[in-house]
Amino acid sequence: MDLIKSLTFGAIMSAAIALVIGSQGTSAGPLAIHLVEVADVRFFWSWPVFVTGTGLSFGLLLLQR
């Protein structure tokens with residue numbers, strides 16, 4: 001259950017950070033922010049931020065046990 005919660009937090013964190021940085025017109029170097037188009041919906045996404053945010057959230061949820 002903790003993994004599902006941390007995946008959700010990681011996705012929200014990645015979308016928020018990528019939206020702010022990607023809308024400025026930069027890829028932010030190692031963050032690798034790019035524009036994704038899925039079924040006529042365009043949004044900014046970053047896999048490195050998603051993986052890092054998921055790991056951070058998972059660690060914090062484990063510490064709360």
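Residues numbered from 1 in each chain as written. Predicted model: local features only at pLDDT ≥ 70, side-chain atom pairs only at ≥ 80, totals over all residues. Heavy atoms only, no water.

Enquirer: Break down helix H1 (residues 2-22) for me, with residues and values.
Expert: In this model, H1 (21 residues) spans 29 Å end to end at C-alpha, consistent with the 30 Å of a helix rising 1.5 Å per residue. By the burial criterion, the buried members of H1 are Asp2, Ser6, Gly10, Ser14, Ala18 and Gly22. Viewed end-on, H1 has its buried residues packed into an arc of 120°, placing them on one side of the element. The exposed residues of H1 that point more than 90 degrees off its buried face are Ile4, Ile12, Leu19 and Val20. (Helix = DSSP H or I, 4+ residues; strand = E, 2+ residues; numbered from the N terminus. Expected span 1.5 Å × (residues − 1). Buried < 20%, exposed > 50% of the residue type's maximum accessible area, 1.4 Å probe, protein only. Arc of directions from axis to C-beta.)

Enquirer: I'd like a rundown of the packing of aromatic side chains, residues and numbers included.
Expert: This model, assessed by the stated rule, comprises four aromatic pairs. Relative to tryptophan 47, the ring of tryptophan 45 has its centre 5.6 Å away and its plane inclined at 80°; by these criteria the two rings are edge-to-face. When the centroid spacing of 5.6 Å and the interplanar angle of 40° are considered together, the rings of tryptophan 45 and phenylalanine 50 count as tilted. On the accessibility criterion, tryptophan 45 (13% relative accessible area) is buried. (Phe/Tyr/Trp six-rings, centres within 6.5 Å; stacked < 30°, edge-to-face > 60°.)

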